[in-house]
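Chain by chain, the residues:
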Amino acid sequence: MMTIQDVLSVYAAMADLTEQMVQAATRSDWDALVLLEQRCAAHVQTLRDQEAPLPMTGAERERKIELIRQMLNADRQIRDLTMPWMAQLSKLINATGTERRVVTAYGSV
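Residues numbered from 1 in each chain as written. Predicted model: local features only at pLDDT ≥ 70, side-chain atom pairs only at ≥ 80, totals over all residues. Heavy atoms only, no water.

## Remarks on the overall build of the protein
Counting secondary structure elements, the protein contains three helices and zero strands. Taken from N to C terminus, the helices and strands of the protein fall in the order α-α-α. A compact globule built from 109 residues should have a C-alpha radius of gyration of about 13 Å, whereas the protein, at 20 Å, is more than 25% larger. The principal-axis extents of the C-alpha atoms in the protein amount to approximately 70 × 25 × 20 Å. In the protein, buried positions account for 26% of the 109 residues. A fraction of 78% describes how many contacts in the protein between residues 6 or more apart in sequence connect residues 24 or more apart. Roughly 7,700 Å² of accessible area belongs to the protein as shown, and the carbon and sulfur atoms make up 56% of that amount. Across the protein, 12 positive and 14 negative side-chain charges occur, with their mean positions spaced 7 Å apart. (Helix = DSSP H or I, 4+ residues; strand = E, 2+ residues; numbered from the N terminus. Rg over C-alpha atoms; globule rule 2.2 N^0.38 Å. Buried < 20%, exposed > 50% of the residue type's maximum accessible area, 1.4 Å probe, protein only. Contact = heavy atoms within 4.5 Å. Areas by Shrake-Rupley, 256 points an atom, 1.4 Å probe, with all protein chains shown as cover. Lys, Arg positive; Asp, Glu negative; His and termini not counted. Charge placed at Lys NZ, Arg CZ, Asp CG, Glu CD.)

## Side note on the nonpolar core
Counting 24 residues, the largest nonpolar core has Val7, Tyr11, Met14, Leu33 and Leu47 as the members making the most contacts within it. Those elements that place two or more of their residues in this core are α1 (4-26), α2 (30-50) and α3 (58-106). Among residues more than four places away in sequence, those in contact with Leu47 are Met2, Val7, Val10, Tyr11 and Met14. (Core = buried A, V, L, I, M, F, W, Y, C linked by side-chain atoms within 4.5 Å.)

## So, the side chain of Thr82
With respect to the helices, strands and loops of the structure, Thr82 is situated in helix α3. With sequence-adjacent residues up to four places away left out, Thr82 is seen in contact with Ala25, Trp30 and Leu33.

## So, unusual backbone geometry
In this structure, Ser28 is a non-glycine residue whose phi angle is positive, near 60°. Since its relative accessible area comes to 44%, Ser28 is described here as partly exposed.

## Focus on the pattern of salt bridges
Overall, the coordinates contain three salt bridges when judged by the stated rule. Its salt-bridge partner being Asp75, residue Arg79 comes within 3.0 Å of it at the nearest N-O pair. Of this pair, Arg79 and Asp75 both sit in helix α3, separated by four residues, roughly a single helical turn. In this structure Arg79 comes out as partly exposed when scored by relative accessible area, which is 41%. (Salt bridge = Lys/Arg side-chain N within 4 Å of Asp/Glu carboxyl O.)

## Details of the side chain of Thr18
Residue position: Thr18 is located in helix α1. Residue Thr18 is classed as buried on the basis of its relative accessible area of 8%. Sequence-distant contacts of Thr18, defined by excluding residues within four places in its chain, comprise Cys40, Met71, Ala74 and Ile78.

## Brief notes about the environment of Ala42
Mapped onto the secondary structure, Ala42 falls in helix α2. Measuring from C-alpha to C-alpha, the distance between Ala42 and Ala13 comes to 11 Å, with 29 residues separating the pair along the chain.

So this is what it looks like as structure tokens:
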């Protein structure tokens, strides 16, 4: 089981990773974004597997709340940066699918 300090260290590492994810999304570095997300997911799994159900109080609790807020803020920024790209990708996929259906129905020109 993890101590409260171990838990806070993992949350801090996750907050750092989500900030790196914002930077990767800002650069449109999707490969780096995926790798960072995988690293963050590994930390989440560590917490699920090893975080003791100890209640935090005082400064420790406030630190955990602040780290979670940082991660949520970074997540919002990442979504704001990736949603236009995802919409564009969706259009390309749909256009390719339509083109494929036309070629199938009418043959190539």
